[in-house]
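One letter stands for each residue in the lines below.
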Amino acid sequence: MNIEKFRIAEGSKVDLASHRTDFTADYTDKQQAVEDLQKNVDRLRTLQDVLYAENKHTLLLIFQAMDAAGKDGAIEHVMSGVNPQGCHVISFKQPSSEELDHDYLWRCQKNLPGRGMIGIFNRSHYEEVLVVRVHPEYLKYQQLPDFTLNDKDIWKKRFKHIRDWEQHLTENGTHVIKFFLNVSKDEQKARFLSRIEEEDKNWKFSMGDVKERGHWDDYMKCYEDAIEETSTERSPWYIVPADKKWFTRLAVSEIVVKKLESMDLKYPTLTDEHKAELLEAKKMLESEAPA
Ligand code: ATP
Ligand code: MG
């Protein structure tokens, strides 16, 4: 699959209306996509083992989307083969009072994955330039100084903070990939209706989701700005079609596998001292008297 099709090059304009939400590349049905996803899941397990052993790089995957676009399912399926010890998932919800008592990047910084780990942000610091931008009244809960609260360039400056923070991360060993799961308004409606109609999906539905849907166009505009302003060579955005869940999962898995493959991961090489220790330990074990 040509994943470059989904990557937003640094400095390019984003017009979401021109990105097809129901695109499925050469796949005509789910069957083949599910088989290919499984191959990527297996490959991911192997690559993650080396990432963990090498303990040098970090991979941070950021998922953003409108409600019911399939973030949870994509994370669940793509990461299904990964050793849970090497993976850290965090879902960012409405900020707690402790979080509101700090700047908006604090909770993200606090939840960054360590070296050798794959970290997954299910929503992220981008909420600050999405939901908070759509509802600027949320800013007042943040106890910001007046010169920030009243700054007409507040969003422009927030984009810069985000670019700078991500640059800091990438220059210190954390590889960042950002996914926008691009679902259509019609498909979201169908998924909401099935959350209402199917009893075991009822828990996923909240009235707030329907209210946010009312701000669809504002969200699209904010996503376009956020992606344009923060997609960089080292920390790119991918706009992934999300009307067909099986395609979203396959595309995400393909992007993650290709990223890990490009990182030139290697198992650590042993020092001569360590090799000598292994031989010594072997000798000791073999010379033990039988129990
Ligand atoms: P699902 O797609 O399954 O509904 P979700 O990620 O929407 O999952 P929810 O618990 O439904 O999870 O919603 C989390 C809510 O928290 C979202 O509406 C999101 O916009 C909101 N949120 C996240 N970060 C912030 C923030 N910094 N300020 C205000 N609201 C936020
Ligand atoms: Mg929700």
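Residues numbered from 1 in each chain as written. Chains lettered and ligands numbered in written order. Predicted model: local features only at pLDDT ≥ 70, side-chain atom pairs only at ≥ 80, totals over all residues. Heavy atoms only, no water.

Engineer: Looking at this structure, I do not really get the overall build of the chain. What am I missing?
Structural biologist: Scanning the chain from N- to C-terminus turns up 12 helices and six strands. A principal-axis box enclosing the C-alpha atoms of the chain has dimensions of 75 × 50 × 40 Å. Residues classed as buried in the chain amount to 48% of the 291 residues present. Taking all contacts inside the chain whose residues are at least 6 apart in sequence as the whole, residues at least 24 apart take part in 81%. Summed over all atoms, the accessible surface of the chain reaches about 16200 Å², with 50% contributed by carbon and sulfur. (Helix = DSSP H or I, 4+ residues; strand = E, 2+ residues; numbered from the N terminus. Buried < 20%, exposed > 50% of the residue type's maximum accessible area, 1.4 Å probe, protein only. Contact = heavy atoms within 4.5 Å. Areas by Shrake-Rupley, 256 points an atom, 1.4 Å probe, with all protein chains shown as cover.)

Engineer: What is the right way to read empty space enclosed by the protein from this model?
Structural biologist: A probe as big as a water molecule, rolled over the atoms, marks out the empty space that is left. Following the criterion strictly, the structure yields one cavity of 30 Å³ or more and no others. The space that makes up the largest cavity amounts to roughly 30 Å³. Lining of the largest cavity is provided by Ala-69, Gly-70, Gly-73, Ala-74, Lys-245, Thr-248 and Arg-249. Among the elements of the structure, helix 2 (71-78) and helix 11 (245-262) are those that each provide at least two residues to the lining of the largest cavity. Considering every element that reaches the lining of the largest cavity, the biggest residue donor is helix 11, with three residues. Residues belonging to the lining of the largest cavity are distributed by class as follows: two nonpolar, three polar and two charged. (1 Å grid on protein atoms, 1.4 Å probe; cavity = no way out; pocket = protein on both sides within 12 Å on 5 of 7 lines; lining within 4 Å. Points joined across faces, edges and corners; volume = space filled by probe spheres on them. Nonpolar A, V, L, I, M, F, W, Y, C, P; charged D, E, K, R; others polar.)

Engineer: Hey, could you run me through helix 10 (residues 216-230) in this one?
Structural biologist: An α-helical segment advances 3.6 residues per turn. Residues three or four places apart therefore align on the same side. For helix 10, built from 15 residues, the straight-helix expectation of 21 Å at 1.5 Å per residue is met to within 8% by its first-to-last C-alpha distance of 21 Å. Within helix 10, 11 of the 15 residues are buried, which leaves it mostly tucked inside the rest of the structure. Residues of helix 10 that are buried: Trp-216, Tyr-219, Met-220, Cys-222, Tyr-223, Glu-224, Asp-225, Ala-226, Ile-227, Glu-228 and Thr-230. (Expected span 1.5 Å × (residues − 1).)

Engineer: In this structure, what is going on with the pairing of strand 5 (residues 174-182)? I would like to understand it.
Structural biologist: On a regular strand, one side chain projects to one face of the sheet and the next to the other, so that they alternate. In terms of burial, strand 5 is a largely internal element, nine of the nine residues being buried. In strand 5, alternate side chains face the same way, and those of Thr-174, Val-176, Lys-178, Phe-180 and Asn-182 on one face and His-175, Ile-177, Phe-179 and Leu-181 on the other are all buried. Bridging between strand 2 (residues 58-65) and strand 5 involves eight bridges; their strand directions are parallel. Bridging across to strand 5, Leu-60 finds its partner in Val-176. (Pairing = 2+ DSSP bridges.)

Engineer: Looking at this structure, I do not really get the environment of Ala-9. What am I missing?
Structural biologist: When you line up the elements, Ala-9 lands in the loop between strand 1 (7-8) and helix 1 (30-54). Ala-9 sits in the partly exposed class, given a relative accessible area of 37%. In this structure the C-alpha to C-alpha distance between Ala-9 and Gly-173, which are 164 residues apart in sequence, comes to 21 Å.

Engineer: What should I look at first to understand the site of ligand 1 in this one?
Structural biologist: Neighbouring ligand 1 are 15 residues; Asp-67, Lys-71, Lys-93, Arg-123 and Glu-127 lie closest to it. Side-chain polar atom of Lys-71 to an oxygen atom of ligand 1: 2.8 Å apart, as the coordinates give it. At 3.2 Å from an oxygen atom of ligand 1 is found a main-chain nitrogen or oxygen belonging to Gln-94. In isolation ligand 1 exposes 630 Å². Once the protein is present, 80% of that is buried. Comparing atom positions with the cavity grids shows ligand 1 to sit within the largest pocket. Among the secondary structure elements, those contributing two or more residues to the shell around ligand 1 are helix 2 and helix 5 (131-134). Residues belonging to the shell around ligand 1 are distributed by class as follows: six nonpolar, one polar and eight charged. (Near = heavy atom within 4 Å. Polar contact = N/O pair within 3.5 Å; in protein donor to acceptor, adjacent residues only side chain to side chain. Sits in = over half its atoms within 2 Å of the grid points.)

Engineer: Hey, could you run me through the sheet that holds strand 5 in this one?
Structural biologist: What the six strands build is an open sheet, ordered 1-6-5-2-4-3; its pairing is mixed. In this open sheet, the two strands that pair with only one neighbour each are strand 1 and strand 3 (87-91). Across five bridges, strand 5 lies against strand 6 (residues 237-241) in parallel orientation. In the strand pairing of strand 6, Phe-179 is matched with Tyr-238. Packed onto the sheet, helix 2 meets strand 2, strand 3, strand 4 (118-122) and strand 5 and runs at close to 150° relative to strand 2. Sitting on the sheet, helix 7 (residues 154-170) is in contact with strand 2 and strand 5, with an inclination near 130° to strand 5. (Axes fitted to C-alpha atoms, helices over the stretch in contact; angles between N-to-C directions.)

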